[in-house]
Amino acid sequence: MGQPLNVGIIGCGTIVRAYLETFPRLKAVKLVAAADIDFARAEAVAKQDPGVRALSVADLLADDQVDLVLNLTIPLAHAEIALQAIGAGKSVYGEKPLAATTRDGRAVLDAAAAARLRLGCAPDTVLGTGIQTARTAIDDGLLGRPISATATMVTPGHERWHPNPDFYYVAGGGPLLDMGPYYLTALVTLLGPVASVIGAASRTRDSRIIGSGARQGEIIPVTTDTHVSGVLTHASGALSTIFMSFDAVATVSAHIEVHGEQGSLVVPDPNRFDGEVKLRRLGAADWETLPVSAGYVNSSRGFGLEDLANTGNGQEPRAGGKLAFHVLEVMESLLASAHEGKAVAIESRCDRPPAVPLT
Ligand SMILES: NC(=O)c1ccc[n+]([C@@H]2O[C@H](COP(=O)([O-])OP(=O)(O)OC[C@H]3O[C@@H](n4cnc5c(N)ncnc54)[C@H](O)[C@@H]3O)[C@@H](O)[C@H]2O)c1
């Protein structure tokens with residue numbers, strides 16, 4: 001391996017803290033600069049590490065030292081920042097979703113391919129031991145032929161804890177585009193790409209009240225669906241049923257279950273890197289917990305960057321743009337199906353990313 005990839009962060013809000021905690025543990029990438037439209041936020045990041053310079057967004061994009069832009073802006077800005085970074089000759093790894101719309105996501109994917117630059121996207125949680133151990137169980141045939149999966153995400157809403165939750169309730173947000181990437185990326189990792197979808201969606205109220213921080217009590221508008229159900233038909237023929245809500249209170253359902261002819265699997269929270277995988281074999285009296293068998297051990301947000309940096313030239317990173325684009329198209333198509341009242345075919349296909357050996 002050569003020199004580490006030099007990373008410049010654009011967008012130093014809430015989630016930057018998680019990445020800053022991970023950076024010291026990564027060997028293939030090095031944080032060198034930070035920028036935000038609110039310059040004080042970039043300065044706050046630079047203050048924590050003498051090797052990091054606070055720059056304006058334009059200066060970071062023009063900086064020769066920066067090889068890759070880590071795009072931690074809000075979803076509506078993801079495509080614009082990614083396209084600027086690619087235009088400046090830099091690889092990009094961004095927070096999810098890849099873009100707020102499939103159209104914007106396609107522009108990012110095409111621009112990166114044309115410039116021969118690497119494109120990666122969260123979630124990288126699927127590279128952790130939880131989802132990777134579940135994947136190994138499926139690949140090893142412990143379930144027999146996979147038939148179906150369920151994915152359930154319930155929260156009464158992120159405005160209860162996030163100080164600036166506006167982006168969760170506009171295009172690019174909602175439970176599907178915000179939390180869906182974890183669940184759908186896991187489902188594609190486990191069962192392969194999706195061929196068509198049927199969706200149904202609703203919105204319980206047109207405004208939300210911010211529950212914490214400097215803007216506590218402020219009312220913000222809701223212009224996106226806040227409860228989404230759907231059925232995905234995977235190219236393999238397996239069917240996944242999803243239930244994503246910012247409206248309901250709580251659930252005791254498994255985050256994800258996968259069912260095959262020979263067994264059923266309980267898959268841990270795809271918004272975490274670890275977690276127990278449980279198998280119930282056909283005819284067995286009880287569930288068994290599978291030993292951890294694959295994935296990055298003790299990983300955290302940012303391991304997808306390390307994985308990208310270690311991916312050979314011309315190869316697709318595991319947390320790659322093609323997978324993120326496919327997941328984005330699936331999400332947008334679920335909402336289109338909900339509003340059009342008919343099944344929607346998915347045009348894009350992506351390979352299941354290579355499994356992560358126990359690392
Ligand atoms: N907050 C979480 O727990 C969490 C968890 C996982 C993923 N994410 C994802 O991370 C991304 C950011 O979320 P967040 O919670 O940190 O949001 P945030 O609003 O707290 O921070 C976003 C930051 O980006 C900056 N920004 C916005 N547009 C910009 C632009 N055009 N140029 C430069 N800077 C810009 C803002 O000033 C802000 O500092 C989102 O895509 C979100 O889905 C968030």
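About the criteria used
Every residue gets a number counted from 1 within its own chain, in the order that chain's sequence is written. Given that the model is predicted, a residue must reach a pLDDT of at least 70 before its local features are reported, and side-chain atom pairs must reach 80 or more before they are shown or counted; all residues, however, enter totals for whole chains, interfaces and linings. To get the side-chain values, all heavy atoms of the structure are used, and hydrogens and water are removed first. Here, a strand pair is defined by DSSP locating no fewer than two bridges between the strands. Strands are runs of DSSP state E lasting at least 2 residues, helices are runs of H or I lasting at least 4, and numbering of each runs from the N terminus. Contact between two residues is taken to exist if any of their heavy atoms lie within 4.5 Å; hydrogens are not considered. For helices, the fitted axis covers only the stretch in contact; all axes are lines through C-alpha atoms, and the angles between them, taken along N-to-C directions, range from 0 to 180 degrees. Throughout, near means a residue has at least one heavy atom within 4 Å of the molecule or strand. In protein, a polar contact requires one atom able to donate a hydrogen and another able to accept it; more generally it is a pair of N or O atoms within 3.5 Å, and residues adjacent in sequence count only if both atoms are side-chain atoms. A 1.4 Å probe and the Shrake-Rupley method give the accessible areas. Residues count as covered only by the protein chains that appear here. When residues are grouped by polarity, Ala, Val, Leu, Ile, Met, Phe, Trp, Tyr, Cys and Pro land in nonpolar, Asp, Glu, Lys and Arg in charged, and all others, Gly among them, in polar. For every residue, the accessible area obtained with a 1.4 Å probe (protein chains only) is divided by the maximum for its type, and the residue is called buried under 20%, exposed over 50%, and partly exposed between those limits.

> Can you walk me through the sheet that holds strand 17 (residues 344-345) in this structure?
Strand pairing in a sheet takes place through backbone hydrogen bonds and is either antiparallel or parallel in direction. Strand order in this open sheet of nine strands is 16-15-14-13-7-12-11-8-17, and the pairing throughout is mixed. What marks the edges here is a single partner per strand, and that holds for strand 16 (288-289) and strand 17. Pairing analysis gives four bridges linking strand 13 (residues 256-260) to strand 14 (residues 263-267), with the strands arranged antiparallel. Across the sheet, residue His-259 finds its bridge partner in strand 14, namely Ser-264. Contacts between helix 6 (residues 129-139) and the sheet are confined to strand 7 (146-154), strand 13 and strand 14, with strand 14 contributing the most and set at about 170° to the helix. Helix 7 (residues 174-191) rests against strand 7, strand 8 (194-202), strand 11 (227-234), strand 12 (239-245), strand 13 and strand 14 of the sheet, and its axis sits at about 160° to strand 12.

> Help me out: how do you make sense of the site of the ligand in this one?
In the vicinity of the ligand lie 26 residues, with Thr-14, Asp-36, Arg-41, Lys-96 and His-162 positioned nearest. Lys-96 places a side-chain nitrogen or oxygen 2.9 Å from an oxygen atom of the ligand. Here the ligand, which alone exposes 820 Å², has 89% of that area covered by the protein. Listing elements by their share of the shell around the ligand, those giving two or more residues are helix 4 (75-87) and helix 7. With four residues, the single largest contributor to the shell around the ligand is helix 4. Counted by class, the shell around the ligand contains 14 nonpolar, six polar and six charged residues.

> When you look at the sheet that holds strand 5 (residues 91-94) in this model, what are you seeing that I'm missing?
Spatial ordering of the open sheet is given by 3-2-1-4-5-6, a layout of six strands whose pairing is parallel. A single partner strand is all that each edge strand has here, and the edge strands are strand 3 (53-55) and strand 6 (119-121). Going across the sheet, the axis of each strand differs from the next one's by a mean of 25°, ignoring polarity. With six bridges joining them, strand 1 (residues 5-10) and strand 2 (residues 29-35) adopt parallel strand pairing. Pairing of Gly-8 across the sheet is with Ala-33, part of strand 2.

> Got a minute to help me understand the side chain of His-162 in this structure?
Following the sequence through the fold, His-162 ends up in the loop between strand 7 and helix 7. Assessed through its relative accessible area of 6%, His-162 is described here as buried. For His-162, the side chain forms a polar contact with the main-chain nitrogen of Asn-164, separated by 3.0 Å. Among residues more than four places away in sequence, those in contact with His-162 are Thr-14, Phe-167, Tyr-168, Ile-210 and Ser-212.

> What exactly am I supposed to notice about the environment of Val-66 here?
When you line up the elements, Val-66 lands in the loop between helix 3 (57-62) and strand 4 (68-71). In this structure Val-66 comes out as buried when scored by relative accessible area, which is 3%. A sequence separation of 43 residues divides Val-66 from Leu-109, and the C-alpha atoms of the two residues are 20 Å apart. Apart from residues no more than four positions distant in its own chain, Val-66 is found in contact with Asn-6, Val-7, Gly-8, Val-32, Ala-33, Leu-60 and Lys-90.

> Would you mind showing me how to read the environment of Pro-291 here?
Counting through the fold element by element, Pro-291 comes out in the loop between strand 16 and helix 8 (303-309). Spatially, the C-alpha atom of Pro-291 lies 9.4 Å from that of Lys-278, the residues being 13 residues apart in sequence.

> Can you help me understand the pairing of strand 14 in this one?
As a general feature of sheets, a regular strand has side chains that alternate between the two faces. Counting buried positions along strand 14 yields four of five residues, so the element is predominantly enclosed. In textbook terms, the turn of a hairpin is the stretch between consecutive antiparallel strands, and for strand 13 and strand 14 this stretch comprises two residues. Inspection of the sheet shows strand 14 paired to strand 15 (residues 278-281) by four bridges, in the antiparallel sense. The residue of strand 15 that forms the bridge with Gly-263 is Arg-281.

That is the geometry; function is a separate question.
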